[in-house]
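Read off the chains here:
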Number of protein chains: 2
Amino acid sequence: MSRWKPDAEGRLIKAAITLFDERGYEETTVAQIAEAAGLTKRTFFRYFADKREVLFNGSEQLEQRWIEAVAAAPADASPLAAVLAGLDPVAEMFGERHSFARVRARIIDANPELQERELIKLHRLAAAITAALIDSGVAQNAAVLAAQTGVTVFQVAFARWVEQDDPAVFRRVMDESLEELRSVTAG
Amino acid sequence: MSRWKPDAEGRLIKAAITLFDERGYEETTVAQIAEAAGLTKRTFFRYFADKREVLFNGSEQLEQRWIEAVAAAPADASPLAAVLAGLDPVAEMFGERHSFARVRARIIDANPELQERELIKLHRLAAAITAALIDSGVAQNAAVLAAQTGVTVFQVAFARWVEQDDPAVFRRVMDESLEELRSVTAG
DNA sequence: ACCTCCACGACACGTGGTGTCATCAACTAC
DNA sequence: GTAGTTGATGACACCACGTGTCGTGGAGGT
């Protein structure tokens, strides 16, 4: 018999999402989250650097998957094609998490503090992809633009997917968004 | 004789910049800033919503000037031209503030918390310009792209201007950055 | 002479976030 | 199986951020 219940981190995330959704982000204290997860405030901060981070847990994994795909792209692919190769493994991450993502998006939309965190996460993601491209020999300016474009496509597609009732087709929504962006920039 | 020394807000900003530069942002407390300005912690929070905001004081003014210029642009101007019209009154704001801007930029670069705030300010700026364009009859997609492009040009130019030794030529640096962006997107 | 206004100080309080030490099951070594 | 080690957690103290509330006294009007 283990001394503590398993998956403390997962319990904290679940409790946080639930409470944020019920009472609002500001109105929920870290002590309340910890108590709902059967832990203490101190332990919460051992898993998450601050109160905001509990909502951005998957971002390192997303970034890692994406840059791996960029690095693995064929050498003769265009910069933008290499970036978009990252969308496949990323789309895979969101298969069964639709309702979770929806609640999370509502919480973030209602809180400037959380929007700041989301913006800097996307900024860092674009920077990491840019670095991966430069590593593959792409010129700096092209790398920056391709990375930023890819992240924008992801951002738009994610927002649409979250609002949809059919959760099964993240990849299709991403393709549609990309097609739209192409037609806009072409005109 | 007035009961209090004038320009409390300006004194707070000056004290904050000085202390942040000398000791670092995290290591400086709001109480120290207030004391250096001859005020109290409570008064600091009457002027600034939080500790970060003392470094982003001019942003409302910048946004206001920019969207006024966009609204005043000739009706037959292209969306991007209308956005770029905002660069003139904005450049005017930074004439004598070069050394101030330089110190401020160093402080922000050293602090993720402040970078988050800067990103959301630029995000809101782009959103406000987008709204102004739509108000002038520009289609939504074109408005978003033009606004984002204009803000990007400003961002790059500002970063370069801050690092330069010659403070007199913000406008010239902006023009150079725009030209570069054009050549990149054209290819 | 009186009144109202209002920028600021004084004080108390809740919350976020951290440093430090104690605890005690699980694991390892012999 | 006894002893020592490890590591996740609790307990507690502490500081800084941010806010609500009330008191104060000079400025400016009537």
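Scope of this entry: the structure provided in the associated data block. As the structure is a computational prediction, the values presented were derived from the model and not from experiment.

1. Some thoughts on the overall build of chain A
Helix and strand counts for chain A stand at ten helices and zero strands. Principal-axis analysis of the C-alpha atoms gives chain A an extent of 55 × 35 × 30 Å. Relative to its 187 residues, chain A shows a buried fraction of 29%.

2. Quick look at the packing of helix H1 (residues 8-23) of chain A against helix H7 (residues 98-109) of chain A
Residue and element names in this part refer to chain A. It is the contact of H1 with H7, at a shortest axis distance of 10 Å, that shows an interaxial angle of 55 degrees. Judged by the angle between their axes, H1 and H7 are oblique. Note on packing geometry: the crossing formed by H1 with H7 is left-handed. Where H1 abuts H7, its residues Ile 17, Phe 20 and Asp 21 lie against Val 103, Arg 104 and Ile 107. Here the contact of H1 with H7 is built from residues that sort into four nonpolar, no polar and two charged.

3. Structural notes on the packing of helix H8 (residues 112-135) of chain B against helix H9 (residues 140-163) of chain B
All names here are of chain B. At a closest axis distance of 8 Å, the pairing of H8 and H9 adopts a crossing angle of 135 degrees. Put simply, H8 runs oblique to H9. Here H8 and H9 pass one another in a crossing that is right-handed. For the pair H8 and H9, contact is made by Leu 122, Leu 125, Ala 126, Ile 129, Thr 130, Leu 133 and Ile 134 and by Gln 140, Ala 143, Val 144, Ala 146, Ala 147, Gln 148, Gly 150, Val 151 and Gln 155, respectively. Residue composition of the contact of H8 with H9, by class: eleven nonpolar, five polar and no charged.

4. Here's the deal with the interface of chain B and chain A
Across the boundary between the two partners, chain B contributes nine residues, which contact ten residues of chain A. Looking at the side of chain B that touches chain A, the elements with two or more residues in it are H8 and H9 of chain B. With six residues, H8(B) is the largest single contributor of residues to the side of chain B that touches chain A. Of the residues assigned to the side of chain B that touches chain A, the class counts are four nonpolar, three polar and two charged.

5. A look at the protein's contact with DNA strand C
Of all residues adjacent to DNA strand C, which total 17 residues, the nearest are A:Asp50, A:Lys51, B:Ala8, B:Thr40 and B:Thr43. Elements supplying a minimum of two residues to the surface near DNA strand C: helix H2 (30-36) and helix H3 (41-47) of chain A together with helix H3 (41-47) of chain B. By residue class, the composition of the surface near DNA strand C is eight nonpolar, four polar and five charged.

6. A look at the protein's contact with DNA strand D
Neighbouring residues of DNA strand D: 18 residues in total, closest A:Ala8, A:Thr40, A:Thr43, B:Asp50 and B:Lys51. Sorting the residues of the surface near DNA strand D by element identifies H3 of chain A together with helix H2 (30-36) and H3 of chain B as the ones contributing at least two each. Classifying every residue of the surface near DNA strand D gives eight nonpolar, four polar and six charged.

7. Quick notes on the environment of A:Leu80
Residue and element names in this part refer to chain A. Along the chain, Leu 80 turns up in helix H5 (residues 79-84). Residue classification places Leu 80 among the partly exposed positions, given that 18 C-beta atoms sit within 10 Å. Considered as a pair, Leu 80 and Val 70 are ten residues apart in the sequence and their alpha carbons are 9.7 Å apart. Apart from the residues within four sequence positions on either side, Leu 80 is in contact with Ala 146, Thr 149 and Gly 150.

8. Details of H8(B)
Under the 1.5 Å per step criterion, the end-to-end length of H8(B) is 35 Å for 24 residues, consistent within 8% with the ideal 34 Å. Among all positions of H8(B), only B:Glu116, B:Arg117, B:Glu118, B:Leu125, B:Ala126, B:Ile129, B:Thr130, B:Ala132 and B:Leu133 are buried. The elements touched by buried residues of H8(B) are helix H8 (112-135) of chain A together with helix H4 (59-72), helix H5 (79-84), helix H7 (98-109) and H9 of chain B. Once H8(B) ends, the next one or two residues include B:Gly137, with phi positive near 95 degrees.

9. Details of the environment of A:Thr130
Residue and element names in this part refer to chain A. Residue placement: Thr 130 occurs in helix H8. Through-space distance from the C-alpha of Thr 130 to that of Val 70 is 9.7 Å; in sequence the pair is 60 residues apart. If sequence neighbours within four positions are ignored, Thr 130 has contacts with Ala 143, Val 144 and Ala 147.

10. Thoughts on the relation of the copies chain B and chain A
For the pair chain B and chain A, the superposition axis carries a translation of 0.0 Å, the fit reaches an RMSD of 0.0 Å, and the rotation angle comes to 180 degrees. Read as a symmetry element, the transformation amounts to a two-fold axis. Closest approach to the rotation axis among the C-alpha atoms of chain B is made by B:Glu116, whose C-alpha sits 2.7 Å away. Interface residue correspondence from chain B to chain A reaches 100%, placing this contact among same-surface, isologous pairings.

11. Observations concerning H1(A)
All names here are of chain A. For H1, spanning 16 residues, the distance from its first C-alpha to its last is 22 Å, which sits close to the expected 22 Å at 1.5 Å a residue. Along its buried surface, H1 packs onto H2, H3 and H7. In the stretch just after H1, Gly 24 is the one whose phi turns positive, near 100 degrees.

12. A few points about unusual backbone geometry
Despite not being glycine, A:Asp7 shows a phi value in the positive range, around 60 degrees. Here A:Asp7 lies in the segment before H1.

Thresholds applied
- Note that residues are indexed from 1 along each chain, following the sequence as it is written.
- Labels are handed out in written order, letters beginning with A for the chains and numbers beginning with 1 for the ligands.
- Only residues with pLDDT of 70 or above have their local features reported here, since the model is predicted, and side-chain atom pairs are shown and tallied only from 80 upward, although totals for entire chains, interfaces and linings are computed over all residues.
- The secondary structure listing takes helices from DSSP runs of H or I that are at least 4 residues long and strands from runs of E that are at least 2 residues long, numbered from the N terminus.
- Three exposure classes are used. Buried residues have 20 or more other C-beta atoms within 10 Å of their own C-beta, exposed residues have 12 or fewer, and partly exposed residues fall in between, all C-beta atoms being placed from the backbone.
- All axes here are fitted lines through C-alpha atoms, helices being fitted over the stretch that makes contact, and every angle between N-to-C directions spans 0 to 180 degrees.
- Angle categories are assigned with fixed cut-offs, so that under 35 degrees is roughly parallel, over 145 is roughly antiparallel, 65 to 115 is roughly perpendicular, and the rest are oblique.
- For any helix crossing, the convention is left-handed if the near helix is rotated counterclockwise from the far helix by under a right angle, and right-handed if that rotation is clockwise.
- C-beta atoms are placed from the backbone for every residue, and two residues are taken to be in contact when these atoms lie within 7 Å.
- Asp, Glu, Lys and Arg are counted as charged, while Ala, Val, Leu, Ile, Met, Phe, Trp, Tyr, Cys and Pro are counted as nonpolar; the rest, among them Gly, fall into the polar class.
- Only the C-beta atom matters for nearness: placed from the backbone, it must lie within 6 Å of the molecule or strand for the residue to count as near.
- Each residue after the first adds 1.5 Å to the expected span of a helix.
- Only residues with pLDDT of at least 70 in both copies count here: their C-alpha atoms drive the least-squares fit that superposes the copies.

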